[in-house]
Amino acid sequence: MNITDNFYSLATPGVQRLIPYVPGKPIEELERELGLSDIVKLASNENPLGPSPMALAAIHATLPDLARYPDGNGFKLKRALAEKFSVDMSQITLGNGSNEILELLARAFLTPAHEVIFSQHAFAVYPIVTQAVGATGVVIPAREYGHDLDAMLAAVNDKTRLIFIANPNNPTGTLLAPDELRHFIAALPSHVLCVLDEAYYEFIDPQSRADSIAWLIAHPNLIVTRTFSKAYGLAGLRVGYSFSNPRVADFLNRVRQPFNNNMLALAAAEAALADHEHLQRTIATNNDGMQQLIDGFRQLGLEWIPSAGNFVSVDVKRSGDGVYQALLQKGVIVRPVANYEMPDYLRISIGTPTENSRCLEALQAVLADV
């Protein structure tokens, strides 16, 4: 066989070994597979209230301009973010979801000679972007399902270039104390970039939030990433962003694809950012729903990991994948997390009161049958 026919050998070693990210099962897929209707999806940490009405109105107003390219620099959205968070526009990078920011960081700063530190049970995209560019991932064992910052700091060496920290962490929901986190960042050598992934920032109790953006002045090696996919309800439009030192943002923009945010996404994100009422309704719904699920777990005799996000991981005391498959038969989609080394857990997103009740009723029935 000609070597050009063996496409596997043509791929880079890092890509050859990659295991692709597996998203939550779409509702349409379950409908096709089982012929079900009235399906509840609590698998992907989406906003059960949907997008902001202001975002929907902005999308509608933008539709006549779709023959034009979007603003490749995202000026209006950057300006709105800069005003809201008191940063300079030069510190902002826009991504096709915050996932793209993570990939841009890997492309801009990693080579096969570098190491990347992240925690056990942390977001699956961290090892993916690391391995894709040939860098070496260093996985630090978790402490009570969260980040062991002391162990992560001890693992830093001359080869370390990036550290990924999700706060709150996905899929465990664990939260680091602000003082502990800032002490860690301050202790890092200047050649190590710390990526603070705050995709679920809006769901944190305000008294427990880290003022991470303010830390950028003292720590130019800090990058803070956030998203419009979760609390702002725009997962389908894929808009993420980061705050960083302007020099870091400059490098990210060098590898960012032109027009990586479409016109509808830019308009919707700008409008969503201004809809404070919808955000507060989302947070209140999440708080109530979290309590509803926890009360249900308690009645079922199940243990869970306290979560600061819009999801909670529960120990079902048996194969999580088996329970997941049984829940699918009842029209309830949750997320098995065996790939995060949590084989007996399911991650359940917070839904509406009705969706949460459906999930708990189905879980009770499944656990009684197993």
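Residues numbered from 1 in each chain as written. Predicted model: local features only at pLDDT ≥ 70, side-chain atom pairs only at ≥ 80, totals over all residues. Heavy atoms only, no water.

Naming follows an unreviewed UniProt entry, where the protein chain appears as Histidinol-phosphate aminotransferase of Methylotuvimicrobium buryatense. According to the UniProt record, the Cofactor (unreviewed entry) comment for the protein chain reads "pyridoxal 5'-phosphate". UniProt lists a comment for the protein chain under the heading Catalytic activity (unreviewed entry), and it reads "L-histidinol phosphate + 2-oxoglutarate = 3-(imidazol-4-yl)-2-oxopropyl phosphate + L-glutamate". (UniProt positions renumbered as here; feature names shortened; annotations may be inferred.)

In a structure, side chains of opposite charge can pair up when their charged atoms sit close to one another. Per the stated rule, a full pass over the model turns up 7 salt bridges. Put simply, Asp-38 and Arg-358 hold a salt bridge, and the shortest N to O gap is 3.2 Å. One end of the pair, Asp-38, is in the loop between α3 (27–34) and β1 (40–41); the other, Arg-358, is in helix α14 (residues 353–369), with 320 residues separating them in the sequence. A salt bridge links Glu-180 to Arg-143; the nearest nitrogen and oxygen atoms lie 3.1 Å apart. A residue pair is termed long-range when its members are at least 10 positions apart, and Glu-180 in helix α9 (residues 178–187) and Arg-143 in the loop between β4 (136–140) and α8 (149–154) qualify at 37 residues. Using a relative accessible area of 31% as the deciding quantity, one classes Glu-180 as partly exposed. In this structure, a network of salt bridges that share partners links the residues Arg-143, Asp-148 and Glu-180. (Salt bridge = Lys/Arg side-chain N within 4 Å of Asp/Glu carboxyl O. Helix = DSSP H or I, 4+ residues; strand = E, 2+ residues; numbered from the N terminus. Buried < 20%, exposed > 50% of the residue type's maximum accessible area, 1.4 Å probe, protein only.)

The set of residues buried in α9 consists of Leu-181, Phe-184 and Ile-185. Relative to the axis of α9, the buried residues are bounded by an arc of 95° and lie together on one face. Away from its buried face, by an angle of more than 90 degrees, α9 presents the exposed residues Asp-179, His-183 and Ala-186. Tucked inside the fold, the buried residues of α9 contact α8, β5 (160–166), β6 (193–197) and β7 (222–227). (Arc of directions from axis to C-beta. Contact = heavy atoms within 4.5 Å.)

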